[in-house]
Amino acid sequence: MATRWFVLYILSGFSVAVLSVLFINGHPNHPNALLQYPYRSESKVWPELKFSWKIAVATIIGFLGSAFGTVGGVGGGGIFVPMLTLIVGFDTKSAAALSKCMIMGASASSVWYNLRVPHPCREVPILDYDLALLFQPMLMLGITIGVSLSVVFPYWLITILIIILFMGTSSRSFFKGIEMWKEESILKKEMLQNREPIVTSRAELLIDTVYEPLVPRKEKTKMEILQFNLRWKRILVLIVLWVSFLLLQVIKNDVAVCGVSYWLLFFLQFPIAFVVFGYESVKLYEESKKRRIAGNTESVCEATLEWSPIQLAFCAVCGVLGGTVGGLLGSGGGFILGPLLLEIGVIPQVASATATFVMLFSSSLSVVEFYLLERFPIPYAIYLTMVSVLAGFWGQFFVRKLVAFLRRASIIVFILSAVIIASALTMGVVGIEKSVQMIHNHEFVGFLEFCSSQ
């Protein structure tokens, strides 16, 4: 029921925001309707990389944002873009490109760390490859849509949509964390009283906080865990999908905008994404149906769902929405994927590991494309990526140690919620400031025409 109300909140908020732009389009406040927005017309601004208080502050914020962002499985792009524009002084496009570099670096180190960690309570990989293959194609498709919409949507509308989405996901994650905290407290109390623990819907989550399985198992070396967590066939499918989208984007950038070839390449992304998504959807649906008939209550994957066409369609919409937000914002789409994985019953450790694994592909795709378009300075990209690599590794290390010490996996959920709310505040402040400036300068604040804005 809570999920339905959350979806209704998102749809209502987005609908009102978009309809308000149509109203403004019908009542222009300035005769020059072709005036561009500041963030589209602004020139390229690349400050020189040299030690200063700005670099020091950006390094600290970038380190903390990467550490907590990867732990929560949301990346941290909502923190990086304002930091790079307000503190370092980059233009918005370059800041968005550099934020992708930071997300890629943090995700890469987090994935490497997680591959050497066993699943907390089951004899399966800590990365859920089924969910990765389900969401990755929709996420990549959404990112390309979001990048296209970013040059059409007015800046103030993007700001409102971000605030609506982030406030909704952060509050939902926060209440989810409170529920987990209460159940963890009940279980810890039962364990202290030396009685049989109460088995709840999240019993697996509560027990796994100490990384001790219910049934003793043979200790594995780091190399054995790494080999067990790797599923090369699944990874190969994701790589092929990644290369396909990259080639389409590179070729599309060299053709005339809105020409026949342009639209052909743009819409060719849809069947590629739907083929991978459809294959994984059919697999999950058939396996779930087979288990229900056999009376097997064990979930097909980490999600505690009985996969139905409606639930699969919901996941597809959420994947596209997450990618679209990532394209508009310059993030990796984790602001939707992280909370969504928790919502469908994935335990925090697996949700964090799977979300960062998916973001590694989506962010690296954007980084390669931005590199080919010369959207960011190489020295800054290398420096910030290295900072994020260190932050991602140590963030995972310390938070997982803290979870094991306190025996509370809900800490990961609270971190996720905190990163999203921090991103909402920073992006909201920057967006409101620019929107007020645009209104003060009597600039056009409606939808722009797609072809002329590319």
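The model shown is predicted, which means the values in this text are computed figures rather than measured ones.

> Give me the overall build of the protein: which residues, what numbers.
Scanning the protein from terminus to terminus reveals 17 helices and zero strands. When burial is assessed residue by residue, the protein has 53% of its 454 residues classed as buried. The long-range fraction of contacts in the protein, counting pairs at least 24 apart against all pairs at least 6 apart in sequence, stands at 84%. Accessible surface, the protein: about 20800 Å² in total, of which carbon and sulfur atoms supply 71%.

> Before we move on, could you go through the side chain of S363 and cite the residues and values that matter?
Within the element layout of this structure, S363 appears in helix α14 (residues 348–372). What makes S363 buried here is its relative accessible area of 0%. A polar contact of 2.6 Å, which involves the side chain of S363, links it to the backbone oxygen of M359. Dropping the residues within four chain positions of it, S363 is found in contact with K100, I103 and M104.

> Kindly report on the packing of helix α3 (residues 53–72) against helix α4 (residues 77–88), identifying the contributing residues and their values.
Where α3 contacts α4, the axes come no closer than 10 Å and their chain directions differ by 175 degrees. Considered as vectors, α3 and α4 are oriented roughly antiparallel to each other. In this structure, α3 uses K54, V57, A58, I61, G62, G65 and S66 to contact α4, whose residues at the interface are I79, F80, M83, I87 and V88. Residues belonging to the contact of α3 with α4 are distributed by class as follows: eight nonpolar, three polar and one charged.

> Just give me the short version of the packing of aromatic side chains, but keep the residues and values in it.
Under the definition given, this model contains 17 aromatic pairs. Their ring planes at 85 degrees and their centres at 5.3 Å tell us that F357 and F361 sit as a pair that is edge-to-face. You can see F357 and its partner F361 sitting in helix α14, four residues apart, about one turn around the helix. The class for F361 is buried, based on a relative accessible area of 10%. A network of ring pairs unites the aromatic residues Y113, F393, W394, F397 and F398 as a single cluster. Looking at R231, its charged tip hangs above the ring of F228, at a distance of 5.0 Å from the centre. Its guanidinium or amino end placed over the ring of W181, R408 lies 3.8 Å from that ring's centre, counting from NZ or CZ.

> Help me get a handle on the pattern of salt bridges, residues and values and all.
Counted by the stated rule, this structure contains four salt bridges. Taking the shortest distance from any N to any O, the salt bridge between R234 and D130 comes out at 2.9 Å. Of this pair, R234 sits in helix α10 (residues 232–252) while D130 is found in helix α6 (residues 129–149), placing the two residues 104 residues apart along the sequence. Taking the relative accessible area as the measure of exposure, R234 reaches 24% and is therefore partly exposed. Judged by its relative accessible area of 12%, D130 falls in the buried class. The salt bridge involving R172 is made with E343; its shortest N-O contact spans 2.8 Å. With R172 in helix α7 (residues 155–192) and E343 in helix α13 (residues 334–343), the pair connects residues that are 171 residues apart, well separated along the chain. This pair shows no difference in class: R172 is buried, exactly as E343 is. Ionic contacts of the salt-bridge type, sharing partners, join the residues D130, R234 and K283 into one network.

> Tell me about α10, and name the residues and values.
Counted at 1.5 Å a residue, the expected span for α10 with its 21 residues is 30 Å, and the 30 Å between its end C-alpha atoms agrees. For α10, the set of buried residues is I235, L238, L241, W242, F245, L246, L248, Q249 and K252. In a view along the axis of α10, the buried residues occupy a sector of 165 degrees, so they form one face of it. Set apart from the buried face of α10 by more than 90 degrees, the exposed residues are W232, K233 and L236. Lining the buried residues of α10 we find α6, α11 (260–294) and α14.

> Just give me the short version of the packing of α6 against α11, but keep the residues and values in it.
A pair of packed helices is captured by two measures, namely the crossing angle of their axes and the spacing between those axes. It is at 8 Å that the axes of α6 and α11 come closest, and there the two elements cross at 160 degrees. Overall, the two elements α6 and α11 adopt an arrangement that is roughly antiparallel. Every pair of crossing elements has a handedness; the one defined by α6 and α11 is left-handed. Counted together, D130, L133, L134, P137, M138, L141, T144, I145 and S148 of α6 and F266, Q269, F270, A273, F274, V276, F277, E280, S281, K283 and L284 of α11 form the full contact between these two elements. Classifying every residue of the contact of α6 with α11 by side-chain character gives 13 nonpolar, four polar and three charged.

Parameters and conventions
- Residues numbered from 1 in each chain as written.
- Predicted model: local features only at pLDDT ≥ 70, side-chain atom pairs only at ≥ 80, totals over all residues.
- Heavy atoms only, no water.
- Helix = DSSP H or I, 4+ residues; strand = E, 2+ residues; numbered from the N terminus.
- Buried < 20%, exposed > 50% of the residue type's maximum accessible area, 1.4 Å probe, protein only.
- Contact = heavy atoms within 4.5 Å.
- Areas by Shrake-Rupley, 256 points an atom, 1.4 Å probe, with all protein chains shown as cover.
- Polar contact = N/O pair within 3.5 Å; in protein donor to acceptor, adjacent residues only side chain to side chain.
- Axes fitted to C-alpha atoms, helices over the stretch in contact; angles between N-to-C directions.
- Parallel < 35°, antiparallel > 145°, perpendicular 65-115°, else oblique.
- Nonpolar A, V, L, I, M, F, W, Y, C, P; charged D, E, K, R; others polar.
- Phe/Tyr/Trp six-rings, centres within 6.5 Å; stacked < 30°, edge-to-face > 60°.
- Lys NZ or Arg CZ within 6 Å of the ring centre and 35° of its normal.
- Salt bridge = Lys/Arg side-chain N within 4 Å of Asp/Glu carboxyl O.
- Expected span 1.5 Å × (residues − 1).
- Arc of directions from axis to C-beta.
- Left-handed = near helix turned anticlockwise from the far one by under 90°.

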